[in-house]
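Letter by letter, the chains look like this.
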Amino acid sequence: MNVLEALRVAFSGLASNRLRSGLTMLGIMIGVGAVILLVAVGNGTQAQVQRQIQALGTNIIYVYPSSARGAGGVSQGFGSAQTLTQQDVTALDDQSQAPHIVTAIPVTGVTGVMTYQSQNWFAQATGSTEQFPQVRDYQVAAGSMFTASDVTNSARVVVVGQTVVDNLFNGDANAALGQTIKIQRVSFRVVGVFAPKGSAGLGNQDNVAVMPITTAWAYLAGGRGRNISQIIVQATSPDSVQTAESEATQILLNRHQISDPSQADFTMQSQQDILNTAGQITGALTILLGSIAAISLVVGGIGIMNIMLVTVTERTREIGIRKAIGARRRDILLQFLIESMFLSGVGGLLGILVGAGLAAWGGSASIQFGTSALPAPVVSGPSVVLAFGVSVGIGLFFGIYPANRAAGLNPIEALRYE
């Protein structure tokens, strides 16, 4: 019997039990669809985290006091260590010492409730320089950034993010310009509004208020003096980040008179390091989600084996007749293997359609969980091919035992079976 004849016989056998065959294919379809969808969710999460980290700035290196380092490599609470100074920033900005560094800016953070008329809102207030938007890749959508003169004169001016505008000025950026808000009961004039950047894994980048660092020191530091909680260094290009990091490390070691780098009172982490760490975490999440979904494929495979064993029992007399009129062992084996692989193959194709369809719908629907939106799923070709290949392989694997059992039946005993 050739393959086409075996396919015809196998299809005829499955068609005679449509409901049972359909339920078996449904198990495989759910398994394949779940694998594709969950892997797509993992890929989407990974892509979103990478976009958000890249939105923190371009070619960035973070320098922070050792005791102030937070999870993920970025200072979490602007720690109390006083190992970084304005003189360090000036040295890092010296092109003759660090030719691969474009600029370095100091950052200090203060907390406090922001008030405008009867509205209150909590946001992280940041003190920095006029170069903050350039380094952190912010765009000023309304008004302007404060100037170097404002930094020199400790002017009480502030540039706020869109979230602050939404909560204090009903989302009207133009209405916010020129208005006076209070931070820790100190009055500040709004001179600019940043364009929205969205949320990142490290926090909402629009919930910010940036002022001259000298102003933060003078009015909001709470007696901590000229504290610098973080220095952000911008390298000349992605290829020069490592070189810039080495230059910055050597400059700070020399300034702090530290001969042993392992005893440094500061730590550094580049944006690429953060991306790599985040990639490892989201990659592990994707594998975990895919593995959990793959369990349903195994369950579907067991269902195939079960249905094929029942089919062998029901068709024992048919097998006996076929063997009595000359069907060989391999003909019977091929017929039942084709039936099991047909079930898994068709179920796998339907699963691809369902999984890809749900992923496309999820990407366009912007599903919300509380205040956060589910990342748009990203279907990858390898995951589709792998899921389908595994489904067909499961059909082959779980079909071997029933097919072998059918092929091994004694024709005389099979003909006597009632």
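Predicted model, so just to flag it, every value in this text is computed and none were measured.

Novice: I'm lost on a nonpolar patch on the surface in this one. Help?
Specialist: Side chains of L19, L23, L26 and I30 sit close together on the surface and give an oily, nonpolar patch of about 400 Å² of accessible area. Mapped onto the elements, L26 comes out in helix 2 (residues 18-54).

Novice: Help me understand the nonpolar core, please; the structure alone is not making it clear to me.
Specialist: Taken as a class, soluble globular proteins show a tendency for nonpolar side chains to be buried jointly. With 27 residues, the main nonpolar core has V32, I332, F336 and L343 as its most contacted residues. Of all elements in the fold, only helix 2, helix 10 (271-314), helix 12 (329-365) and helix 13 (381-407) reach the threshold of two or more residues within this core. It is helix 13 that contributes the most residues to this core, seven residues altogether. Setting aside residues no more than four positions away along its own chain, V32 makes contact with L297, G348, G351, I352, A387 and S391. By size, the runner-up hydrophobic cluster in this structure holds 25 residues, among which are V63, I213, A248 and I258.

Novice: Any chance you could explain the pairing of strand 9 (residues 186-194) here in plain terms?
Specialist: The side chains of a regular strand alternate between both faces of the sheet. Here strand 9 lies mainly inside the structure; seven of its nine residues are buried. As defined by bridge partners, strand 6 (residues 140-143) adjoins strand 9 across three bridges and the pair is classed as antiparallel. Bridging across to strand 9, G143 finds its partner in G192. In terms of strand pairing, strand 7 (residues 157-160) meets strand 9 through four bridges, oriented parallel.

Novice: Got a minute to help me understand the pattern of salt bridges in this structure?
Specialist: Where charged atoms of side chains with opposite charge meet at close range, the side chains can pair. Tallied over the full model, the rule gives one salt bridge. A salt bridge links R255 to D88, with the shortest nitrogen-to-oxygen separation between them at 2.6 Å. Separated by 167 residues along the polypeptide, R255 in helix 9 (residues 241-255) and D88 in helix 3 (residues 86-92) bring together distant segments of the chain. The partly exposed category is assigned to R255, whose relative accessible area is 38%.

Novice: Sorry, what's going on with the packing of aromatic side chains here?
Specialist: Two measures describe an aromatic ring pair: the distance that separates the ring centres and the angle between the ring planes. Tallied over the full model, the rule gives five aromatic pairs. Pairing Y116 with F169 gives two aromatic rings, centres 4.4 Å apart and planes at 45°, and the pair type is tilted. Here Y116, found in strand 3 (residues 113-116), pairs with F169, found in the loop between helix 6 (162-168) and helix 7 (173-176); they are 53 residues apart in sequence, far enough to count as distant. Residue classification places F169 among the buried positions, given a relative accessible area of 7%. For the ring pair F397 and F398, a centre distance of 5.1 Å and an interplane angle of 90° mean the geometry is edge-to-face. Look at F397 and you get exposed, because its relative accessible area is 58%. Judged by relative accessible area, F398 falls into the buried class, the value being 12%. An aromatic cluster is present here, built from F132, Y138 and F194 joined pairwise through their rings. Over the aromatic face of Y138 sits the side chain of K197, whose NZ or CZ is 4.3 Å from the ring centroid.

Novice: Explain the confidence of the model for the protein chain to me, please; I cannot follow it from the model alone.
Specialist: Residues shown with low pLDDT carry predicted positions that ought not to be read at fine detail. With 88% of its residues at a pLDDT of 70 or more, the protein chain shows a mean pLDDT of 82. Within the model, pLDDT remains below 50 along residues 68-80, and this stretch shows 30 contacts once partners closer than five positions in the same chain are excluded.

What counts, and where the lines are drawn
For every chain, the first residue of the written sequence is number 1, and numbering continues from 1 onward in sequence order. With pLDDT at 70 or above as the cut-off, local features in this predicted model cover only qualifying residues; side-chain atom pairs require 80 or more to be listed or tallied, and sums for whole chains, interfaces and linings still use all residues. Based on all heavy atoms of the structure, the side-chain values leave hydrogens and waters out of the count. Note that patches include only residues with greater than 30% relative accessible area and no salt bridge, and the join distances are 9 Å for like charges and 5 Å for nonpolar side chains (Val, Leu, Ile, Met, Phe, Trp, Tyr). Per-residue and other accessible areas follow the Shrake-Rupley method at a 1.4 Å probe size, with only the shown protein chains counted as cover for residues. Each reported salt bridge corresponds to a side-chain nitrogen of Lys or Arg within 4 Å of a carboxyl oxygen of Asp or Glu. Put simply, DSSP H or I for four residues or longer makes a helix, DSSP E for two residues or longer makes a strand, and each gets a number counted from the N terminus. To qualify as a nonpolar core, a set must consist of buried Ala, Val, Leu, Ile, Met, Phe, Trp, Tyr and Cys residues joined through side-chain atoms within 4.5 Å. Note on classification: 1.4 Å probe, protein chains only; a residue is buried when its accessible area is under 20% of the maximum for its type, exposed when over 50%, partly exposed between these limits. Residue contacts are defined here by distance: any two heavy atoms, one from each residue, within 4.5 Å place the two residues in contact. One bridge is not enough; two strands pair if DSSP finds at least two bridges between them. To pair, rings of Phe, Tyr and Trp, with the six-membered ring standing in for Trp, must have centres within 6.5 Å; the planes then decide the type, stacked if under 30 degrees apart, edge-to-face if over 60, and tilted in the middle. Should the NZ of a Lys or the CZ of an Arg lie within 6 Å of a ring centre and within 35 degrees of the ring normal, that charge is described as sitting over the ring. Confidence scores per residue from the predictor, reported as pLDDT, run from 0 to 100.

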